Amino acid sequence: LAPARTLAREAALLAQTKGIGRAPILPERHLLGDLLPSFRKLAETVIGGQAQFNLALEAATRQSEQQKRWLEVILVDLAEGVLVCNLNHQLLLYNQAATRLFARPEAIGLGRPLFALVSKAAILHTLDLLDYRHRSGVPQDGDTLPFVCATADAKRMLEGRMGLILDPAGKTGKAAKKALEG
(Lines give C-alpha, C1' and ligand atoms only; values in the text may rest on other atoms or scores of the structure.)
Protein backbone atom coordinates (compact mmCIF):
# COMPACT_ATOMS: atom_id res chain seq x y z
CA LEU A 1 0.00 0.00 0.00
CA ALA A 2 2.99 2.36 0.26
CA PRO A 3 2.89 3.22 -3.48
CA ALA A 4 -0.83 4.06 -3.18
CA ARG A 5 -0.14 6.33 -0.17
CA THR A 6 2.64 8.07 -2.11
CA LEU A 7 0.29 8.58 -5.04
CA ALA A 8 -2.44 9.91 -2.73
CA ARG A 9 0.03 12.36 -1.09
CA GLU A 10 1.22 13.63 -4.48
CA ALA A 11 -2.38 13.97 -5.72
CA ALA A 12 -3.33 16.00 -2.63
CA LEU A 13 -0.27 18.21 -3.07
CA LEU A 14 -1.09 18.74 -6.74
CA ALA A 15 -4.69 19.65 -5.90
CA GLN A 16 -3.73 22.04 -3.09
CA THR A 17 -1.04 23.89 -5.01
CA LYS A 18 -2.70 23.81 -8.45
CA GLY A 19 0.57 22.66 -9.92
CA ILE A 20 3.51 21.97 -7.68
CA GLY A 21 6.04 23.18 -10.23
CA ARG A 22 7.78 19.83 -10.42
CA ALA A 23 7.03 16.38 -11.67
CA PRO A 24 5.25 14.29 -9.05
CA ILE A 25 7.34 11.87 -7.03
CA LEU A 26 5.98 8.47 -7.95
CA PRO A 27 7.05 5.06 -6.68
CA GLU A 28 9.25 3.07 -9.04
CA ARG A 29 8.10 -0.33 -7.86
CA HIS A 30 4.35 -0.80 -7.61
CA LEU A 31 1.42 -2.96 -8.59
CA LEU A 32 -0.78 -0.02 -9.63
CA GLY A 33 -0.75 -0.81 -13.34
CA ASP A 34 -1.70 2.07 -15.65
CA LEU A 35 -2.65 4.33 -12.75
CA LEU A 36 0.82 5.88 -12.41
CA PRO A 37 1.33 6.77 -16.10
CA SER A 38 -2.19 8.24 -16.16
CA PHE A 39 -1.50 10.24 -12.99
CA ARG A 40 1.81 11.46 -14.46
CA LYS A 41 -0.04 12.75 -17.58
CA LEU A 42 -2.67 14.42 -15.42
CA ALA A 43 0.00 16.10 -13.31
CA GLU A 44 1.80 17.35 -16.43
CA THR A 45 -1.46 18.79 -17.73
CA VAL A 46 -2.24 20.55 -14.42
CA ILE A 47 1.30 21.91 -14.07
CA GLY A 48 1.35 23.05 -17.72
CA GLY A 49 -2.09 24.64 -17.38
CA GLN A 50 -1.04 26.51 -14.26
CA ALA A 51 2.11 27.75 -16.00
CA GLN A 52 0.04 29.00 -18.95
CA PHE A 53 -2.40 30.65 -16.56
CA ASN A 54 0.45 32.39 -14.72
CA LEU A 55 1.88 33.69 -18.01
CA ALA A 56 -1.53 34.97 -19.13
CA LEU A 57 -2.09 36.60 -15.74
CA GLU A 58 1.29 38.35 -15.90
CA ALA A 59 0.54 39.61 -19.43
CA ALA A 60 -2.91 40.87 -18.40
CA THR A 61 -1.43 42.59 -15.35
CA ARG A 62 1.21 44.31 -17.50
CA GLN A 63 -1.45 45.43 -19.97
CA SER A 64 -3.68 46.70 -17.16
CA GLU A 65 -0.81 48.64 -15.60
CA GLN A 66 0.03 50.19 -18.98
CA GLN A 67 -3.60 51.22 -19.52
CA LYS A 68 -3.71 52.65 -16.00
CA ARG A 69 -0.59 54.74 -16.70
CA TRP A 70 -2.09 56.05 -19.94
CA LEU A 71 -5.32 56.94 -18.16
CA GLU A 72 -3.43 58.71 -15.39
CA VAL A 73 -1.51 60.77 -17.96
CA ILE A 74 -4.74 61.74 -19.71
CA LEU A 75 -6.55 62.63 -16.48
CA VAL A 76 -3.71 64.78 -15.15
CA ASP A 77 -3.88 67.02 -18.22
CA LEU A 78 -7.66 67.51 -18.11
CA ALA A 79 -8.84 70.87 -16.79
CA GLU A 80 -12.25 69.38 -15.97
CA GLY A 81 -12.79 67.37 -12.84
CA VAL A 82 -13.41 63.66 -13.40
CA LEU A 83 -14.99 61.30 -10.89
CA VAL A 84 -15.60 57.62 -11.66
CA CYS A 85 -17.75 55.62 -9.24
CA ASN A 86 -19.03 52.08 -8.84
CA LEU A 87 -22.65 51.01 -8.25
CA ASN A 88 -22.21 51.58 -4.53
CA HIS A 89 -21.35 55.23 -5.31
CA GLN A 90 -17.76 54.83 -4.13
CA LEU A 91 -14.94 56.64 -5.90
CA LEU A 92 -12.85 54.44 -8.16
CA LEU A 93 -10.94 57.13 -10.02
CA TYR A 94 -10.56 60.90 -9.88
CA ASN A 95 -8.18 63.58 -11.09
CA GLN A 96 -6.53 66.62 -9.48
CA ALA A 97 -9.01 69.00 -11.12
CA ALA A 98 -11.80 67.22 -9.22
CA THR A 99 -10.09 67.83 -5.87
CA ARG A 100 -10.11 71.58 -6.56
CA LEU A 101 -13.91 71.60 -6.91
CA PHE A 102 -14.61 70.84 -3.29
CA ALA A 103 -14.05 72.77 -0.06
CA ARG A 104 -12.63 69.64 1.56
CA PRO A 105 -10.33 67.99 -1.00
CA GLU A 106 -9.28 65.45 1.65
CA ALA A 107 -12.81 63.99 1.35
CA ILE A 108 -11.86 62.68 -2.09
CA GLY A 109 -10.15 59.30 -2.04
CA LEU A 110 -10.43 55.88 -3.57
CA GLY A 111 -13.31 53.92 -2.07
CA ARG A 112 -14.81 56.96 -0.37
CA PRO A 113 -18.51 57.77 -0.81
CA LEU A 114 -19.52 60.11 -3.64
CA PHE A 115 -22.38 61.52 -1.58
CA ALA A 116 -19.94 62.94 0.95
CA LEU A 117 -19.00 65.32 -1.90
CA VAL A 118 -22.21 66.01 -3.82
CA SER A 119 -25.96 65.96 -3.25
CA LYS A 120 -27.65 62.63 -3.87
CA ALA A 121 -30.92 63.40 -5.71
CA ALA A 122 -29.56 64.80 -8.99
CA ILE A 123 -26.96 62.04 -9.28
CA LEU A 124 -29.45 59.22 -8.70
CA HIS A 125 -31.99 60.78 -11.07
CA THR A 126 -29.45 61.14 -13.88
CA LEU A 127 -28.18 57.60 -13.29
CA ASP A 128 -31.76 56.28 -13.52
CA LEU A 129 -32.34 58.22 -16.77
CA LEU A 130 -29.15 56.80 -18.29
CA ASP A 131 -30.08 53.28 -17.24
CA TYR A 132 -33.59 53.69 -18.66
CA ARG A 133 -32.24 55.03 -21.96
CA HIS A 134 -29.84 52.12 -22.21
CA ARG A 135 -32.49 49.50 -21.42
CA SER A 136 -35.03 51.02 -23.83
CA GLY A 137 -32.68 50.46 -26.77
CA VAL A 138 -33.77 53.72 -28.39
CA PRO A 139 -30.83 55.36 -30.21
CA GLN A 140 -29.68 58.47 -28.37
CA ASP A 141 -27.42 61.38 -29.24
CA GLY A 142 -24.29 60.55 -27.27
CA ASP A 143 -23.77 58.31 -24.32
CA THR A 144 -23.94 60.96 -21.62
CA LEU A 145 -26.46 63.26 -19.98
CA PRO A 146 -25.87 66.70 -18.50
CA PHE A 147 -26.77 67.29 -14.86
CA VAL A 148 -26.48 69.94 -12.19
CA CYS A 149 -25.99 69.20 -8.51
CA ALA A 150 -24.89 70.93 -5.35
CA THR A 151 -21.84 70.10 -3.32
CA ALA A 152 -22.64 68.19 -0.13
CA ASP A 153 -22.19 71.37 1.91
CA ALA A 154 -24.59 73.17 -0.51
CA LYS A 155 -22.10 76.02 -1.04
CA ARG A 156 -21.47 75.43 -4.76
CA MET A 157 -23.40 74.25 -7.79
CA LEU A 158 -21.61 71.89 -10.14
CA GLU A 159 -22.44 71.22 -13.76
CA GLY A 160 -21.36 67.97 -15.31
CA ARG A 161 -22.01 65.09 -17.66
CA MET A 162 -22.67 61.53 -16.60
CA GLY A 163 -22.25 58.35 -18.61
CA LEU A 164 -22.54 54.66 -17.96
CA ILE A 165 -19.63 52.29 -18.32
CA LEU A 166 -20.86 49.07 -19.87
CA ASP A 167 -19.49 45.63 -19.14
CA PRO A 168 -18.13 43.49 -22.03
CA ALA A 169 -21.62 42.04 -22.60
CA GLY A 170 -22.98 45.56 -23.19
CA LYS A 171 -24.92 45.69 -19.92
CA THR A 172 -24.80 48.49 -17.41
CA GLY A 173 -23.45 47.57 -14.04
CA LYS A 174 -26.97 48.12 -12.73
CA ALA A 175 -28.49 45.71 -15.27
CA ALA A 176 -25.73 43.17 -14.69
CA LYS A 177 -26.29 43.40 -10.93
CA LYS A 178 -30.06 42.84 -11.36
CA ALA A 179 -29.38 39.88 -13.65
CA LEU A 180 -27.11 38.34 -11.03
CA GLU A 181 -29.68 38.92 -8.28
CA GLY A 182 -32.64 37.70 -10.39
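Scroll up to find the structure this text is about.
For clarity, every value in this text was computed on a predicted model and none was experimentally measured.

Asker: Can you break down unusual backbone geometry residue by residue, with the values?
Answerer: Although it is not a glycine, His 89 adopts a positive phi angle of roughly 60°. Structurally, the position occupied by His 89 is in the loop between strand E1 (83-85) and strand E2 (91-94). By relative accessible area, His 89 is classed as buried at 18%.

Asker: Any details on the pairing of strand E4 (residues 157-163)? Residues and values, ideally.
Answerer: With 7 bridges connecting them, strand E3 (residues 144-150) and E4 associate as antiparallel partners. Looking across to E4, one finds that Val 148 is bridged to Glu 159. The loop that links E3 with its antiparallel partner E4 comprises 6 residues; one of these, Ala 154, has a positive phi angle of about 60°.

Asker: Could you give me a rundown of helix H1 (residues 2-17), with the residues and numbers involved?
Answerer: Along its 16 residues, H1 runs 23 Å from first to last C-alpha, staying within 8% of the 22 Å computed at 1.5 Å per residue. Listed in full, the buried residues belonging to H1 are Pro 3, Thr 6, Leu 7, Glu 10 and Leu 14. Buried residues of H1 fall within an arc of 95° about the axis and therefore sit on the same side. Opposite its buried face, H1 presents the exposed residues Arg 5, Arg 9, Ala 15 and Gln 16, each directed more than 90 degrees away. Elements that come into contact with the buried residues of H1 comprise helix H2 (35-77).

Asker: Kindly report on H2, identifying the contributing residues and their values.
Answerer: Between the first and last C-alpha of H2 there are 63 Å, a value that for 43 residues agrees with the 63 Å anticipated at 1.5 Å per step. Regarding H2, the residues found buried are Leu 36, Phe 39, Ala 43 and Leu 75. Here the buried face of H2 lies against H1 and E2.

The rules we used
Residues numbered from 1 in each chain as written. Predicted model: local features only at pLDDT ≥ 70, side-chain atom pairs only at ≥ 80, totals over all residues. Heavy atoms only, no water. Helix = DSSP H or I, 4+ residues; strand = E, 2+ residues; numbered from the N terminus. Buried < 20%, exposed > 50% of the residue type's maximum accessible area, 1.4 Å probe, protein only. Pairing = 2+ DSSP bridges. Expected span 1.5 Å × (residues − 1). Arc of directions from axis to C-beta. Contact = heavy atoms within 4.5 Å.

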